[in-house]
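# Reading the structure
Here is how the chains run, residue by residue.
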Amino acid sequence: IVKSQHKDGGWRYEPVPHYTGDVSISGWVIQALAAARYARLDIPDAVLDRANKFLDGCASRDKPGTFVYTANTLK
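Quick caveat: nothing in here was measured; it's all calculated off a predicted structure. (Residues numbered from 1 in each chain as written. Predicted model: local features only at pLDDT ≥ 70, side-chain atom pairs only at ≥ 80, totals over all residues. Heavy atoms only, no water.)

Right, let's get into the pattern of salt bridges. Considering all chains together, one arrives at two salt bridges under this definition. Residues Asp22 and Arg12 are paired through a salt bridge, measuring 3.2 Å at the closest nitrogen-oxygen approach. Highlighted residues: Asp22 in the segment before α1 (23-38) and Arg12 in the segment before α1, separated in sequence by ten residues. Exposure remark for Arg12: the relative accessible area of 28% places this residue in the partly exposed category. For Arg37, the salt bridge identified is with Asp45, shortest N-O distance 2.4 Å. Here Arg37 falls in the partly exposed class, since its relative accessible area comes to 34%. (Salt bridge = Lys/Arg side-chain N within 4 Å of Asp/Glu carboxyl O. Helix = DSSP H or I, 4+ residues; strand = E, 2+ residues; numbered from the N terminus. Buried < 20%, exposed > 50% of the residue type's maximum accessible area, 1.4 Å probe, protein only.)

This part covers the packing of α1 against helix α2 (residues 45-58). For any two helices packed against each other, the geometry comes down to the angle between their axes and how far apart the axes lie. For the pair α1 and α2, interaxial distance at closest approach is 11 Å and the crossing angle is 150 degrees. The pairing of α1 with α2 is recorded here as roughly antiparallel in orientation. For the pair α1 and α2, the crossing hand works out as left-handed. Counting all contacts with α1, which are made through Val23, Ser26, Ile30, Leu33 and Arg37, the residues of α2 involved are Asp45, Val47, Leu48, Ala51, Phe54, Leu55 and Cys58. Across the contact of α1 with α2, the residue classes break down as nine nonpolar, one polar and two charged. (Axes fitted to C-alpha atoms, helices over the stretch in contact; angles between N-to-C directions. Parallel < 35°, antiparallel > 145°, perpendicular 65-115°, else oblique. Left-handed = near helix turned anticlockwise from the far one by under 90°. Contact = heavy atoms within 4.5 Å. Nonpolar A, V, L, I, M, F, W, Y, C, P; charged D, E, K, R; others polar.)

We now examine the side chain of Gln5. Relative to the assigned elements, Gln5 resides in the segment before α1. Within the structure, Gln5 has its side chain in polar contact with the backbone oxygen of Val47 (distance 3.0 Å). Apart from the residues lying within four places of it in its own chain, the contact partners of Gln5 are Gly10, Trp11, Pro17, Val47, Arg50 and Ala51. (Polar contact = N/O pair within 3.5 Å; in protein donor to acceptor, adjacent residues only side chain to side chain.)

As structure tokens, this is what we get:
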């Protein structure tokens, strides 16, 4: 999971880091990483920091609590 994260912080359905992320799969991956931390596995802080930045980039500016599928769909 860590190795397949896109540099912008998200994940896609194909586990390769050159695909930009989307919110649906990234949400599942973030939950898996949280579970891994609860199991005391070493998850680098930088991975979750990038994931948070990705989600921030997908948050709607006009409708709080609303997210778009990918960051590049925001206007």
